[in-house]
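Coordinate analysis (summary)
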Amino acid sequence: MTPGDEVVVALDVGGTGMKCALVRPDGTTVHAERHATDAARGPEAVVGTILDVAEGLAGKARADGLTPVACGIAVPGVVDEARGVAVWSANVGFRDVPLRDLARERLGLPTALGHDVRVGGLAEARLGAGRDAGHVLFVAIGTGIAAAHVVDGSAAVGAHGAAGEIGHILVRPDGPPCGCGRPGCLEAVASASAIGRRYAELSGAPATAAEVADRAATGEPLAGQVWREAVEALADGLATGQALFDVATIVIGGGLAQAGPRLFDPLRTALRERLTFHREPRLVAAALGDEAGCLGAALLALDTLAKESR
Ligand SMILES: [Zn+2]
């Protein structure tokens, strides 16, 4: 076996789809495939698919003359990385699933289980837009908002596996209800879904966040107002993040980052207005796209492997 033959079996399990890959230790992807999660089948069936797909990938690696050395799996929700348990997930339905041990038994490979946004942050901090920054806050903005605080290439997990829930920072006490049950959380005001919802509420016509950004850019007053409100709430959230973590770089990922300068220009200005003695972080778009979760799952697996062999 030569080191160039080694690959990690990596899976990023989302509510609708699974991104799966064979990843080399240097972060290059040798093979990628996608599968439907089909969460409506229930968590047991989803776990079955995860194990089948992982086993299939390990087999594919061997058939191609490669050596699978570890397996990394990323899932959403609350994840206990130390115990390897998917504790809770709203969109996949996991309740205390010992996914790491199940995969380890099936594949016979050292396996790591991580949180989708935390491993995404890990990948952006080590291979993507936060490279060489040391202290990075990765913020994924899509249907919800979540973050990963990465220091020197390792993401904080929290005492209960729930670090990084920046989407549930209270930014508007009299704001719209959040999925968590409290009004005015950041993600209830500034997630992509919240932006679409707010515009529909005011205009009576449905729109995606991308459409709101487009219309705001062409000068439609209502879209401009909704976009501005979201940017200001985001800036409030990021200013809180910066006060807590004092990072060098904030990497914004998820669907909303696709808005490009229409998001980043006003957000940078609004964030700057809110900082007093804090140092202003670099604010950049994620570089790895939707591959970040898979790459991060592979990195986490390699980190685990390195720890175990020490
Ligand atoms: Zn909330």
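Everything in this summary refers to the structure shown in the same document. Keep in mind that what you see is a predicted model, and the values were worked out from it rather than measured. (Residues numbered from 1 in each chain as written. Predicted model: local features only at pLDDT ≥ 70, side-chain atom pairs only at ≥ 80, totals over all residues. Heavy atoms only, no water.)

The helix and strand inventory of the protein stands at nine helices and 13 strands. Relative to the 2.2 N^0.38 estimate, which gives 19 Å for 310 residues, the radius of gyration of the protein is 20 Å and therefore close to what a compact globule would have. The principal-axis extents of the C-alpha atoms in the protein amount to approximately 60 × 45 × 35 Å. Within the protein, the fraction of its 310 residues that count as buried is 49%. When contacts within the protein are restricted to residue pairs at least 6 apart in sequence, long-range pairs at least 24 apart make up 61% of them. (Helix = DSSP H or I, 4+ residues; strand = E, 2+ residues; numbered from the N terminus. Rg over C-alpha atoms; globule rule 2.2 N^0.38 Å. Buried < 20%, exposed > 50% of the residue type's maximum accessible area, 1.4 Å probe, protein only. Contact = heavy atoms within 4.5 Å.)

Read from one edge of the open sheet, five strands run β3-β2-β1-β4-β8, paired in mixed fashion. The strands lining the two open edges of the sheet, one partner per strand, are β3 (29–36) and β8 (111–115). Sheet twist, expressed as the average angle between the axes of neighbouring strands with direction ignored, equals 15 degrees. Note that strand β4 (residues 67–75) and β8 share five bridges and pair parallel. Pairing of Val75 across the sheet is with His115, part of β8. (Pairing = 2+ DSSP bridges. Axes fitted to C-alpha atoms, helices over the stretch in contact; angles between N-to-C directions.)

At a minimum axis distance of 8 Å, the contact between helix α5 (residues 192–203) and helix α6 (residues 209–217) shows a crossing angle of 60 degrees. Contact with α5, carried on its side by Ala192, Ile195, Gly196 and Tyr199, involves Ala209, Val212 and Arg215 of α6 and no other residues of that element. Residues that form the contact of α5 with α6 fall into these classes: five nonpolar, one polar and one charged. (Nonpolar A, V, L, I, M, F, W, Y, C, P; charged D, E, K, R; others polar.)

What follows covers the sheet that holds strand β10 (residues 145–151). Ordered in space as β11-β10-β9-β12-β13, the five strands form an open sheet in which the pairing is mixed. Looking at the sheet topology across the chains shown, the edges are occupied by β11 (154–155) and β13 (282–285). Taken together, the seven bridges between strand β9 (residues 135–141) and β10 define a ladder with antiparallel strand orientation. Bridging from a neighbouring strand, Phe138 pairs with Ala148 of β10.

Protein-derived ligands of the zinc ion are His168 (ND1), Cys178 (SG), Cys180 (SG) and Cys185 (SG), with the metal-ligand distances lying across 2.0 to 2.3 Å. The sequence pattern describing where the donors of the zinc ion fall on their chain is H-x9-C-x1-C-x4-C. Pair check on accessibility: Cys178 and Cys185 agree, each one buried. (Donors = N, O, S within 2.8 Å, 3.2 Å for Na, K, Ca; no water.)

Moving on, we come to the environment of Thr28. With respect to the secondary-structure elements, Thr28 resides in the loop between β2 (17–23) and β3. Expressed as a C-alpha distance, the spacing of Thr28 and Val7, which sit 21 residues apart in the sequence, is 9.5 Å. Not counting residues within four places of it along the chain, the set of residues in contact with Thr28 comprises Leu22 and Val23. A polar atom in the side chain of Thr28 sits 2.7 Å from the side chain of Asp26. (Polar contact = N/O pair within 3.5 Å; in protein donor to acceptor, adjacent residues only side chain to side chain.)

Take the nonpolar core next. Judged by nonpolar contacts, the single largest core of 41 residues is most densely connected at Val139, Ile252 and Leu263. Contributing elements (two or more residues each) for this core: β9, β10, α4 (186–190), α5, α6, α7 (221–245), β12 (249–253) and α8 (261–274). Residue contributions to this core peak at ten residues, all from α7. With 34 residues, the next largest nonpolar core counts Val117, Phe138, Ala292 and Ala297 among its residues. (Core = buried A, V, L, I, M, F, W, Y, C linked by side-chain atoms within 4.5 Å.)

That is the geometry; function is a separate question.
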